[in-house]
Structure formats: structure tokens, C-alpha cells
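Fold and geometry: a report
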Amino acid sequence: MGRAIIVTGASAGIGLGIALKYISEGDDVVMVGRSLERLEAAIPKEIQAKGKPLFLAQDVSTLDGCKATIEEGVKLLGGRLDALVNNAGSLKMGLPLTTISLEDWAFHMNLNVNSVLFLTQLATPLLEASHGSIVNISSVVAQRPLAGAGAYCVSKAAVDMLTKVSALELGPKGVRVNAINPGTVKSSIFTAAGLSQEQAAAYMDRAAQSTPLGRIGAPEDVAELCYFLTDNAKSGWLTGQCILLEGGKLLSIPTS
């Protein structure tokens with residue numbers, strides 16, 4: 001029997017890549033997203049042959065959605081939970097802090113921050129029993145601000161601090177908590193943020209050119225690190241860390 005894993009925001013991009021990694025390793029995975037159809041359509045046939053993914057349509061930007069995610073997700077997993085991956089999040093660009101609306105501010109905080117807090121609270125008793133772990137998907141913008149995306153930057157900085165405080169408080173319970181801070185990763189987040197396909201492609205091209213390793217990330221890059229962070233045998237003494245995974249991007253920032 002494989003481990004029992006819940007991954008939020010699993011219908012595309014980083015979340016999908018993480019879910020596919022666990023499934024390919026034989027783990028039982030509940031993939032959480034807002035659309036059941038998108039979740040089902042996201043799984044390649046060759047992956048389905050290796051394991052039976054479990055789908056759960058919930059909106060984790062609400063407390064009720066978080067409660068249902070843990071309650072229903074754990075039922076699907078047979079009452080077990082070994083790891084929680086808080087990946088659900090979204091970005092809107094072109095929103096200066098001087099003019100951002102309360103609605104747009106709340107959009108980022110409810111999905112990117114509150115979901116992490118509530119799901120962590122709800123999952124802790126189960127993870128304590130299994131000596132499990134939590135991985136929060138943060139962002140490089142928690143450390144490097146991006147104009148026009150201030151709400152997103154603030155929300156991810158909050159995720160970093162939630163990770164550290166959670167690790168401090170849950171360590172004595174045997175639960176580890178870490179975060180991954182990806183740089184630019186190939187995904188649909190940029191078009192969802194309001195860019196056209198052409199603008200998103202140009203943004204990713206510029207990011208690749210300004211990254212020492214010469215490319216942007218792939219969901220698989222994040223998935224491999226996430227899998228390591230939830231492996232007690234390999235990372236059992238690692239907690240409270242916010243790990244940059246950005247191809248050296250921050251090294252290329254001019255200092256003068």
C-alpha cells in the first residue's frame with residue numbers, strides 16, 4: 001500500500017505535476033480542484049494504468065471547502081493521510097497596490113493564504129498520527145517583489161511565514177512543514193493572470209534568458225523536490241525551510 005496524499009490545485013501546472021509524481025510512485029493521491037471534469041481530463045492514460053487517481057471537486061478558498069477537502073479526501077484514502085501539499089493558488093497581474101480593490105485583495109488572501117492555514121489546521125491530527133508532513137507551494141516573489149502583482153507577492157510571503165511558524169509549532173507533534181519557492185515555471189498561471197498567449201510566451205522567454213541555467217522550470221522540477229520533502233527517510237530532519245527552486249534566477253539581479 002502506498003502513502004496517502006492530498007494535493008490541492010491539481011488539475012494543471014505544478015499541482016498536476018506533483019500529483020502525477022506521487023501516482024507514478026504507487027501512492028494513493030486525492031487530486032483536488034474546482035472542476036471534476038478538468039481533473040479527470042488531466043490524467044494521461046499511461047499514468048492511469050500505474051495507479052488509480054482519486055478526484056475531489058472543492059473550492060479551498062472557503063473554510064467549508066477546506067473542511068470538505070480533508071473530510072472527503074481522507075474518506076477516499078481509507079482514513080489515512082501521510083502528506084498534504086498546499087498548492088492551490090492564483091495570480092492576477094496589473095493590480096497596483098495603490099488602486100487594488102478589496103475584492104481582488106481578498107481573492108489572493110482567501111485562496112493563497114487562508115487555504116494553507118485552514119487545511120493545515122484540519123490535517124494536523126491525521127498527520128500527527130502518521131508522522132506525516134506538509135509542503136506549501138510558495139513562490140520566488142515572496143522574496144523578490146513584482147510590480148502590479150503586490151497582492152500575490154504579499155500572499156506568498158505570508159505562506160513562507162505560515163510555513164515557518166507551523167513547523168515550529170507542529171515539530172513537537174512529529175509533523176514536518178516545508179515550502180518550495182519556484183521561479184517561473186511553465187504553466188497556465190500567466191494566461192489565467194490576464195496575459196494573452198503571446199504575452200505569456202514572451203514573459204517565459206525573458207525569464208529563461210535571465211536565468212543562469214538558461215531555462216524556466218517544469219512542473220516535474222517542483223514535483224521531484226516535493227516528493228523528497230515528504231520522504232521521512234530522506235528528509236526527516238528537514239523542517240521550516242522555504243527552498244528556492246528558480247534556476248539561479250535571484251543570482252542574476254543587478255546589484256548596482
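See the structure above.
First things first, this report covers the structure right here in the doc.

What counts and how
Residues numbered from 1 in each chain as written. Predicted model: local features only at pLDDT ≥ 70, side-chain atom pairs only at ≥ 80, totals over all residues. Heavy atoms only, no water. Helix = DSSP H or I, 4+ residues; strand = E, 2+ residues; numbered from the N terminus. Polar contact = N/O pair within 3.5 Å; in protein donor to acceptor, adjacent residues only side chain to side chain. Phe/Tyr/Trp six-rings, centres within 6.5 Å; stacked < 30°, edge-to-face > 60°. Buried < 20%, exposed > 50% of the residue type's maximum accessible area, 1.4 Å probe, protein only. Lys NZ or Arg CZ within 6 Å of the ring centre and 35° of its normal. 1 Å grid on protein atoms, 1.4 Å probe; cavity = no way out; pocket = protein on both sides within 12 Å on 5 of 7 lines; lining within 4 Å. Points joined across faces, edges and corners; volume = space filled by probe spheres on them. Nonpolar A, V, L, I, M, F, W, Y, C, P; charged D, E, K, R; others polar. Pairing = 2+ DSSP bridges. Axes fitted to C-alpha atoms, helices over the stretch in contact; angles between N-to-C directions. Contact = heavy atoms within 4.5 Å.

We now examine the side chain of Asn-112. Its place among the elements puts Asn-112 in helix α5 (residues 102-130). A polar contact of 3.1 Å, which involves the side chain of Asn-112, links it to the side chain of Ser-155.

Attention now moves to the packing of aromatic side chains. Summed over the entire model, instances satisfying the criterion amount to one aromatic pair. Considering the side-chain rings of Tyr-22 and Tyr-227, the 5.2 Å spacing of their centres and the 50° angle between planes classify their relative orientation as tilted. Of this pair, Tyr-22 sits in helix α1 (residues 13-24) while Tyr-227 is found in helix α9 (residues 219-229), placing the two residues 205 residues apart along the sequence. One exposure class covers both Tyr-22 and Tyr-227, and it is buried. Between the NZ or CZ atom of Lys-21 and the centre of the ring of Tyr-227, over which it lies, the distance is 5.0 Å. For the cation-ring pair, Lys-92 lies above Phe-107, with the distance from its terminal atom to the ring centre recorded as 4.4 Å.

We now examine the layout of surface pockets. In this structure, the largest pocket encloses a volume near 1200 Å³. If you go around the largest pocket, you meet 47 residues; those closest to its centre are Gly-89, Ser-90, Tyr-152, Ser-187 and Ile-189. Of all the elements in the fold, those that place two or more residues in the lining of the largest pocket are α1, β2 (28-33), α6 (150-170), α7 (189-192) and α8 (197-209). For the lining of the largest pocket, a count of residues per class yields 22 nonpolar, 18 polar and seven charged. The space that makes up the second largest pocket amounts to roughly 220 Å³. Among the residues making up the lining of the second largest pocket, the classes are represented as six nonpolar, five polar and four charged.

The next thing to look at is unusual backbone geometry. If you check the backbone angles, His-131 has positive phi at about 55° while not being a glycine. Residue placement: His-131 occurs in the loop between α5 and β5 (133-137).

Moving on: the pairing of strand β1 (residues 4-8). Counting buried positions along β1 gives five out of five residues, so the element sits mostly inside the fold. Covered by surrounding structure in β1 are Ala-4, Ile-6 and Thr-8 together with Ile-5 and Val-7, the residues of both alternating faces. Alignment of β1 against β2, held across five bridges, turns out to be parallel. Within β2, the position partnered with Val-7 by the bridge is Met-31. Of the pairings in the sheet, the one linking β1 to strand β4 (residues 83-86) comprises three bridges and is parallel in character. Within β4, the position partnered with Ile-6 by the bridge is Leu-84.

Our next topic: the sheet that holds strand β6 (residues 176-182). Through backbone hydrogen bonds, the strands of a sheet pair up, either in parallel or in antiparallel fashion. If you trace the seven strands from one edge of the open sheet to the other, you get β3-β2-β1-β4-β5-β6-β7, paired in parallel fashion. The open sheet is flanked by β3 (54-57) and β7 (242-245), the only strands paired with a single partner. On average, each strand axis in the sheet is inclined to that of its neighbour by 20°, with strand direction left out of account. Of the pairings in the sheet, the one linking β4 to β5 comprises four bridges and is parallel in character. Bridging across to β5, Ala-83 finds its partner in Ser-133. Running at roughly 175° to β4, α5 makes contact with β1, β4 and β5 of the sheet. Relative to β6, α9 is tilted by about 165°, and along the sheet it contacts β4, β5, β6 and β7.

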